[in-house]
Amino acid sequence: MEINQEHILHKSSRDIHRWQNYLSEFVYGGMDGSVTTFAVVAGAAGADLSSSVVIILGFANLIADGFSMSVGSYLSSNSEQDTYQKHKNVEHWEVDHIPESEREEIRNIYKAKGFTGDLLEQVVDKITEDKDRWVDIMMKEELKMMPNTKSPRSMALFTFVSFVMVGFIPLLIYVYEYVSAVKMERTFLIASVLTSLTFIGIGWLKSVVNHTNRIKSIWETFFLGVSAAMIAYFVGNLLESIIR
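The structure presented is a predicted model; accordingly, all values stated were derived computationally and were not measured.

What the protein chain contains, in helices and strands, is 10 helices and zero strands. Counting from the amino terminus, the protein chain carries its helices and strands in the arrangement α-α-α-α-α-α-α-α-α-α. The buried share among the 244 residues of the protein chain stands at 35%. Contacts spanning at least 24 positions in sequence make up 75% of the contacts within the protein chain whose residues lie at least 6 apart. When the accessible surface of the protein chain is split by element, carbon and sulfur atoms take 62% of a total near 15000 Å². For the protein chain, the distance from the average site of its 22 positive side-chain charges to the average site of its 29 negative ones is 4 Å.

This is the structure:
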């Protein structure tokens, strides 16, 4: 059976583009996961807790916070889609029942854009000859609403997977120490270095998603993560000195 190479390349390109749509969920899930988990690790290190306690606290944070964040992403996206559809249904009803009023709104929208005379009427006629096109223009121009083409379930999945996968990095050295049964020196320092590199990588990806300055994005992410860890470390250290 002959394989259509053009079809395969087109399908691969389409699949890559589809996954790229969820890059923002991956970035923000990973950023939140690395920052919060490293804060837990830093707080435990400040309190001079054992590696086993760090692992327990870290994994509890990974699963609970990761699940919470993914559920929040799902509910928010689902609500956004429901709101868009509700307003779209209203616009369809208005086009069906009060077309002259809606037609006048289209006219006013394009008059404000500089269209006049016969050209304006031609634009209005062209838009209003198709109800779906008519409603889409009303949604974009009047209500300033755009459809969210992302799947809420996929957004939640990408957020959770990224949160857990990237958030695991601060725990990596502690898990290695526990599994290998080899006592490691300066585990928190190693975890800090690994997590700092993670912050740099996440900051770079954030700049790609937001099309912003890379150095600025990396610095902001690094500063946020380190600040959260420092606060957690000193709070843990303070509480340890008070309780003991």
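The next thing to look at is the environment of Ala-191. With respect to the element layout, Ala-191 can be found in helix α9 (residues 187–210). Each C-alpha atom, one on Ala-191 and one on Tyr-174, is 8.1 Å from the other, the two residues being 17 residues apart in sequence. The residues contacting Ala-191, other than those within four sequence positions of it, are Phe-38, Pro-170, Ile-173 and Tyr-174.

Time to look at the nonpolar core. Counting 15 residues, the largest nonpolar core has Ile-106, Tyr-110, Ile-127, Trp-134, Ile-137, Met-138 and Met-139 as the members making the most contacts within it. Of all the secondary-structure elements, those providing two or more residues to this core are α3 (51–97), α4 (99–112), α5 (117–128) and α6 (131–142). Not counting chain neighbours up to four residues away, the residues in contact with Ile-137 comprise Ile-106, Tyr-110, Ile-127 and Glu-142.

Next up on the list: the environment of Ser-76. Inspection of the secondary structure assignment puts Ser-76 in helix α3. For Ser-76 and Ala-156, which are 80 residues apart along the polypeptide, the C-alpha to C-alpha distance reads 9.9 Å.

Another point: the pattern of salt bridges. On inspection of all chains with the given rule, the structure shows 10 salt bridges. Here Lys-206 and Glu-220 are joined by a salt bridge, their closest N and O atoms 3.8 Å apart. Residue Lys-206 is located in helix α9, and its partner Glu-220 is located in helix α10 (residues 214–243); the two are separated by 14 residues in the primary sequence. Here the salt bridges do not stand alone but share partners, grouping Glu-104, Arg-107 and Glu-121 into one network.

Calculation rules
- Residues numbered from 1 in each chain as written.
- Predicted model: local features only at pLDDT ≥ 70, side-chain atom pairs only at ≥ 80, totals over all residues.
- Heavy atoms only, no water.
- Helix = DSSP H or I, 4+ residues; strand = E, 2+ residues; numbered from the N terminus.
- Buried < 20%, exposed > 50% of the residue type's maximum accessible area, 1.4 Å probe, protein only.
- Contact = heavy atoms within 4.5 Å.
- Areas by Shrake-Rupley, 256 points an atom, 1.4 Å probe, with all protein chains shown as cover.
- Lys, Arg positive; Asp, Glu negative; His and termini not counted.
- Charge placed at Lys NZ, Arg CZ, Asp CG, Glu CD.
- Core = buried A, V, L, I, M, F, W, Y, C linked by side-chain atoms within 4.5 Å.
- Salt bridge = Lys/Arg side-chain N within 4 Å of Asp/Glu carboxyl O.

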